[in-house]
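Survey of secondary and tertiary structure
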Amino acid sequence: MLFAMEMPEPEAPPRAARKSPAAAPPKSELDPADEGGPPTQTDRRSYEPSGAEAIERILADLTEAQREAVVHTDGALLILAGPGSGKTRVVTRRAAHLALTVADARQILAITFTNKAAREMGARIDALGVAHGMTVSTFHAFCAALLRRYADRAGIPRNFTIFDRDDRRSLLKAAIEACGFANSGYTPASAEQEISALKSKMISPVRLREQSGDWRAQMLLPIYEQYEASLAQMGGLDFDDLLLRVADLLESDDDLRSRLEERYRYVLVDEYQDTNACQYKIARLLTRQRGNLCATGDPDQSIYGWRGADIGNILSFERDYPQAKVVRLEQNYRSTKRILALADHLIAGNLRRKAKTLWTENETGATVRVLEFETAQEEAAAVAGDIARQIRAGARADGMAVFYRVNSLSRVIEDELRAAGIPYQIARGVEFYGRKEIKDALAYLRVLVNPADQVSLVRIINTPSRGIGTTTIERLIAAARTKQACVLDALNDTDLVGSLGRSAAKLHEFAALLRKLAAALEMPPRSAVEHVISHSGLRALYSESRDAEDSPAANLDELISAAAAFEDTHPESKLLDWLEHAALVSDVDAVEEDSRKVTLMTLHAAKGLEFDSVHLIGMENGLLPFRREDGGHSRCDIEEERRLCFVGITRAKKRLTLSLARYRMMRGGAVRTTRSPFLDGLPPELIECPASQADSRSADRPVDRGRLPRDIEHWMVGTLVRHPNHGLGQVTDIERGPSRTHVRVRFRDGLTRAYALEFSDLQRVEFDEVGE
DNA sequence: AATATTCCCGTTTTT
DNA sequence: CGGGAATATT
């Protein structure tokens, strides 16, 4: 979400964003002192009295350190803010202070990582009454707006669309096939990961080719090139491109850069510890002349290393900006002494950090509970039971949260909360946009905006089914390619379509449909979405399942509501703006405040939030810290995992419960777990570990929890097995890998089939059972 | 060409 | 277990 986002005119930039009275933004209703509108460089003097009063109010109730950061104006500033240290308060006050003293609000740019954070920061600055005209946005949204505005300079089409993860993967799938790497070990997912990593380090295909050392990277090169070519051809930008293109643009276009520097004289980057190379560069380039970069963050909360974030950016801030003032905010206003001490104890295990002293004047608080259960179900039931008890005791459901390392852990918790009748919400904004019916609707809209978007076009050309099959689609694409046209143009080419035989009539019909739908382009988002859903046939296609709560039809309605909500907050917006917004939602954007619901989310999504009571589940080795098998070696950035745990713990204000299960169902089978090393050696005075729920009962508990790990080591060539579909068979080949055992089995039907033992439905059979 | 079925696969976090 | 893709069926 962004406030004023107009970029300077390329032709005649205002030298110093001065407002004419007509252009002045509406004044805040929240600030009675702000009679004459926000002060600017030209008229500030005449409003000195109210300004001074406002400044006083902004500086009131701040600690010494906080005040130092707030009143700092020019030059680089690093705010090292521990969890719960009032960072947002400092940042918002500082922005307001700048706007009251040295800058016009329009000259301030604040960048966050999520829309939710931007929204909140904007609202809080707004409440101080001086923010109108300030730009508060996420990195990605800011870059998208910039690229849209200066598309010609960036060399991209103005109507580019943002390709999400699924789009990238479908492009990559095609690219891998086109390169003949179908069985090379590259999957769309792995290629996506690697290409994304390269892009976030600003390594283009050209640069990759130059650094010819890495064999595996060279292998990727043709896929990467093909992928980039497809993106370019379809007018698509992926998430990484949004940042990358802006970084390149700012570097190559001095004129634009200096104009933007003139426009945004004060730049604030929140969560600086999570910036990657592109974001670092953007921040640096935007502040090249004045150096007015204020970075805030906490190295101990850097949790996006896997996404290319470089904790080194914040650790070496003082080297990059030698004149930088550094303010440390170490007093915590959020958590109890015990919770904070536990967090502090945990994070002290990391080496790569700036040591800091977290302290609080808050009460000692209850001990942190560490609970061990036999199964994940029991753990979940206990969490639900505890939450129910708190609610009965008068606690608000929205003051409570359940965190987990991986999304898959939410399911058991959901089941138990539902069974207990406890209302909950899950931070999963993105999932909604991943549903089939939603993607279908968005695909229609995207094709209207950007006819070159072949991924979307292929998706909708036969949805709802209109008798256009895969062969027809392939021929159409091929024809378009030979004509050097995009598929939509080909579709509108009567001669070309006519040459496609019997399907021609249907293709004509589809082309006519798109022309009809194109009316949506001129409409505001809500009407556009409604128009397309009802006239595309999607409404009819999905109308059958009307009744169900979570039905496709209901989701389509929700999509319309989402567009309507956007329209409310962005009155002048067009379809394109909403599509862009929709492409950039994050999971945490979906969490409601004051929802009266318990919130379930991943540890990553939890950053920046706080709750009275927190349950952190799945405190198990391999889960938290998460460890992943990777070519024979398990890979794990233990320090980042520890930071993640630190983030989770420090979200809790009053109550914290850490729990684990001795057995956890992982894709069908029960897996035995061990305790997380993060639970080892915690100071006894901080925690309480009630008698383990696990040990006492495990002895007499019948083994009834599905398949337990097999005696894999005893399998050999000749072992007799049974498969639910194929019956009896005999192992003919066995190959033991680091993470899996592959076997070949010859069955009675004479066929030999291969299985990964751990995932297969094979059962071992003893000789005496074979008789049948 | 559309639908039903089987099979095979993977395992994180996300703008 | 659960989703997506290949394959079988009409």
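Being a predicted model, the structure only gives us computed values, none of them experimental.

Observations regarding the pairing of strand β19 (residues 669-672)
Judged from the 4 bridges that link them, strand β18 (residues 652-666) and β19 form a sheet pairing that is antiparallel. If you follow R664 over to β19, its bridge partner there is V671.

What to know about the packing of helix α28 (residues 552-569) against helix α29 (residues 575-583)
Orientation of α28 relative to α29, taken along the N-to-C sense of each, is 110°, at an axis distance of 10 Å. By the angle between their axes, α28 is roughly perpendicular relative to α29. For the pair α28 and α29, the crossing hand works out as right-handed. Together, L559, A562, A563 and F566 of α28 and D577, W578 and H581 of α29 make up the contact between the two elements. Partitioned by chemical class, the residues of the contact of α28 with α29 number 5 nonpolar, 1 polar and 1 charged.

Comments concerning the packing of aromatic side chains
Evaluation of the coordinates by the stated rule reveals 7 aromatic pairs. Here the aromatic rings of F142 and Y264 are separated by 5.7 Å at their centres, their planes lie at 75°, and the arrangement is edge-to-face. Here F142 is found in helix α5 (residues 139-149), whereas its partner Y264 is found in the loop between α12 (254-263) and β6 (266-269), with 122 residues between them in sequence. For F142, a relative accessible area of 0% corresponds to the buried category. Y264 sits in the buried class, given a relative accessible area of 1%. With 5.5 Å between their ring centres and 50° between their planes, Y304 and W306 make a pair best called tilted. Every member of this aromatic cluster is reached through a ring pair, and the members are Y272, F317 and Y321. In this structure, R284 packs its charged tip against the face of Y321, placed 4.9 Å from the ring centre. In this structure, R307 is placed above the aromatic ring of Y304, and the distance from its NZ or CZ to the ring centre is 4.3 Å.

A closer look at unusual backbone geometry
At the junction of T463 and P464, the peptide bond is cis and its omega measures out at -5° in the coordinates. Secondary-structure assignment places P464 in the loop between α21 (454-460) and α22 (470-482). In this structure, P625 follows L624 across a cis peptide bond, with omega equal to 5°. Note on placement: P625 falls in the loop between β15 (611-616) and β16 (628-630). Despite not being glycine, E271 shows a phi value in the positive range, around 55°. Within the secondary structure layout, E271 lies in the loop between β6 and α13 (277-286).

So, how was this worked out
Residues numbered from 1 in each chain as written. Chains lettered and ligands numbered in written order. Predicted model: local features only at pLDDT ≥ 70, side-chain atom pairs only at ≥ 80, totals over all residues. Heavy atoms only, no water. Pairing = 2+ DSSP bridges. Helix = DSSP H or I, 4+ residues; strand = E, 2+ residues; numbered from the N terminus. Axes fitted to C-alpha atoms, helices over the stretch in contact; angles between N-to-C directions. Parallel < 35°, antiparallel > 145°, perpendicular 65-115°, else oblique. Left-handed = near helix turned anticlockwise from the far one by under 90°. Contact = heavy atoms within 4.5 Å. Nonpolar A, V, L, I, M, F, W, Y, C, P; charged D, E, K, R; others polar. Phe/Tyr/Trp six-rings, centres within 6.5 Å; stacked < 30°, edge-to-face > 60°. Buried < 20%, exposed > 50% of the residue type's maximum accessible area, 1.4 Å probe, protein only. Lys NZ or Arg CZ within 6 Å of the ring centre and 35° of its normal.

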